[in-house]
Amino acid sequence: MNEFDRVRDYLTGLQDRICSTIEQADGQARFIEDRWQRAEGGGRPQLPASSDTGPSLGGGGRTRILREGAVFEQAGIGFSDVAGTRLPPSASANRPELAGASWRACGVSLVFHPRNPYLPTTHANVRYFHAERDGQKVAAWFGGGFDLTPFYPFDEDVHHWHTVARDLCKPYGAERYEQHKRWCDDYFFLKHRNETRGIGGLFFDDLHDDFDTDFAYLRAVGDGFLDAYLPIVERRKHTPYGEREREFQLYRRGRYVEFNLVYDRGTLFGLQSGGRSESILMSLPPRVRWEYGFQPEPGSDEARLADYLVPRDWLGA
């Protein structure tokens, strides 16, 4: 089995495991699967006539959506395996070695929007990119990470989230957690709001030092996501809330939309490369609102969130 297929097999299994676990945590709704194929060279993707999700016709994938559950208002997790002969500007800029190369990329990406405002929204992604010219590899790298977006933060949850992130990084060097935590803080930053999207986690890209070591790290991040998120789900999913908390949740979801449509490189790459818009935009929340000039009441639980949207050492003494 070649390197790409090894990664692909892991990713399809990861999607299956996360779906099964989240269905159990929700206890009511189940994921609905939508299999699709991408037209060769981009263009409008079509639903496949068969269940094949391999690289034919430019590749394809399987998007899974859970709606109106007891815990999750919407949860989306997609697997894609797509290929092409021309990279979009968002991926080829400052990469002259990719000029004229064919490429193939696979990944799993998820965003879960809980119903309860006390339960954070979360995102995770793990991916692999491979490019060739004349049958020879010219570039290959791993990327991914996970991050947490609370509306009503709890220090216990934040500490747990970052402890899992730090511990899974330990086998890969003393600096790995700090580097990829900082990268996450920098990447998920809304410049026009001067705030982070949430309390961060891990983010990395262009990891290409050693395939086996880098692939092991990708698996640690992918497998570590449930270890980081499930305990928070169990602690917060039954917390009582009212209309005030719900309205604040919907308002803050607007920040999520702003980041994904303005800054997110994955969204840009998918749309520029002829990806399937429904699958790319599954990360958006099912309900959201904006309010001009909103200011939370001083000293309120809503005002407290601002203190958590500044990068800091969450595990310090």
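Basis of the calculations
Residues numbered from 1 in each chain as written. Predicted model: local features only at pLDDT ≥ 70, side-chain atom pairs only at ≥ 80, totals over all residues. Heavy atoms only, no water. Salt bridge = Lys/Arg side-chain N within 4 Å of Asp/Glu carboxyl O. Helix = DSSP H or I, 4+ residues; strand = E, 2+ residues; numbered from the N terminus. Buried < 20%, exposed > 50% of the residue type's maximum accessible area, 1.4 Å probe, protein only. UniProt positions renumbered as here; feature names shortened; annotations may be inferred. Contact = heavy atoms within 4.5 Å. Polar contact = N/O pair within 3.5 Å; in protein donor to acceptor, adjacent residues only side chain to side chain. Axes fitted to C-alpha atoms, helices over the stretch in contact; angles between N-to-C directions. Parallel < 35°, antiparallel > 145°, perpendicular 65-115°, else oblique. Left-handed = near helix turned anticlockwise from the far one by under 90°. Nonpolar A, V, L, I, M, F, W, Y, C, P; charged D, E, K, R; others polar. Patch = residues over 30% accessible without salt bridge, like charges linked within 9 Å, V, L, I, M, F, W, Y side chains within 5 Å. Areas by Shrake-Rupley, 256 points an atom, 1.4 Å probe, with all protein chains shown as cover. Pairing = 2+ DSSP bridges.

All right, on to the pattern of salt bridges then. The tally for this structure, following the rule as stated, stands at 32 salt bridges. The partner of Asp-16 in a salt bridge is Arg-62, with the nearest N and O atoms 3.1 Å apart. Of this pair, Asp-16 sits in helix α1 (residues 3–26) while Arg-62 sits in strand β2 (residues 59–67), placing them 46 residues apart in sequence. Taking the shortest distance from any N to any O, the salt bridge between Arg-252 and Glu-195 comes out at 2.9 Å. Taken together, the residues Arg-252 in helix α6 (residues 243–262) and Glu-195 in strand β8 (residues 195–196) connect sequence positions 57 residues apart. Note on accessibility: Arg-252 and Glu-195 belong to one class, buried. Shared partners join several salt bridges into a network, and the residues in it are Glu-68, Glu-73, Arg-115, Arg-246, Arg-253 and Arg-287.

With numbering matched to this structure, UniProt assigns "active site" (unreviewed entry) to His-123. Mapped onto the elements of the fold, His-123 is located in strand β5 (residues 121–133). Among residues more than four places away in sequence, those in contact with His-123 are Ser-109, Leu-110, Val-111, Gly-145, Phe-146, Asp-147, Phe-188, Arg-197 and Tyr-256. Here the side chain of His-123 touches Asp-147 through a polar contact of 2.7 Å, side chain to side chain.

Running from amino to carboxyl end, helix α3 (residues 155–169) crosses helix α4 (residues 176–187) at an angle of 130°, the nearest separation of the two axes being 8 Å. Judged by the angle between their axes, α3 and α4 are oblique. Seen along the crossing, α3 lies across α4 with a hand that is right-handed. Contacts from His-162, Ala-165, Arg-166 and Cys-169 in α3 reach Arg-176, Tyr-177 and Lys-181 in α4. Its residues placed into classes, the contact of α3 with α4 shows three nonpolar, one polar and three charged.

Further remarks concern the packing of α3 against helix α5 (residues 211–236). At a minimum axis separation of 9 Å, α3 and α5 run at an interaxial angle of 160°. As the angle between them shows, α3 and α5 are arranged roughly antiparallel. For the crossing formed where α3 meets α5, the hand is right-handed. Residue-level inspection shows Glu-156, Asp-157, His-160, Trp-161, Val-164, Leu-168 and Cys-169 of α3 in contact with α5, the latter providing Tyr-217, Ala-220, Val-221, Gly-224, Phe-225, Asp-227, Ala-228, Tyr-229, Pro-231, Ile-232, Arg-235 and Arg-236. For the contact of α3 with α5, a count of residues per class yields twelve nonpolar, two polar and five charged.

Locating Thr-196 in the fold gives a position in strand β8. Accessibility expressed as a relative area gives 3% for Thr-196, which makes it buried. Here the side chain of Thr-196 touches Gly-198 through a polar contact of 2.7 Å, landing on its backbone oxygen. Other than its neighbours up to four places away in sequence, Thr-196 contacts Asp-185, Phe-188, Phe-189, Leu-190, Tyr-308, Leu-309, Val-310 and Pro-311.

Bringing a nonpolar patch on the surface into the picture now. Together, Leu-261, Val-262, Leu-271 and Leu-281 make up a nonpolar patch on the protein surface, roughly 350 Å² of accessible area in all. As for its placement among the helices and strands, Leu-261 is situated in helix α6.

To continue, consider the sheet that holds strand β6 (residues 136–149). Strand order in this open sheet of seven strands is β1-β2-β3-β4-β5-β6-β9, and the pairing throughout is antiparallel. Each end of this open sheet is capped by a strand with a single partner; those strands are β1 (32–37) and β9 (200–207). Shown here is a sheet whose adjacent strand axes are inclined to one another by a mean of 5°, direction ignored. Here eleven bridges tie strand β4 (residues 102–114) to β5, and the two strands are oriented antiparallel to one another. When the sheet's bridge partners are listed, Val-108 is paired in β5 with Val-126. Across the sheet, α3 touches β5, β6 and β9, and the angle it forms with β9 is around 30°. Across the sheet, α4 lies against β6 and β9, angled at about 100° from β9, the strand it touches most.

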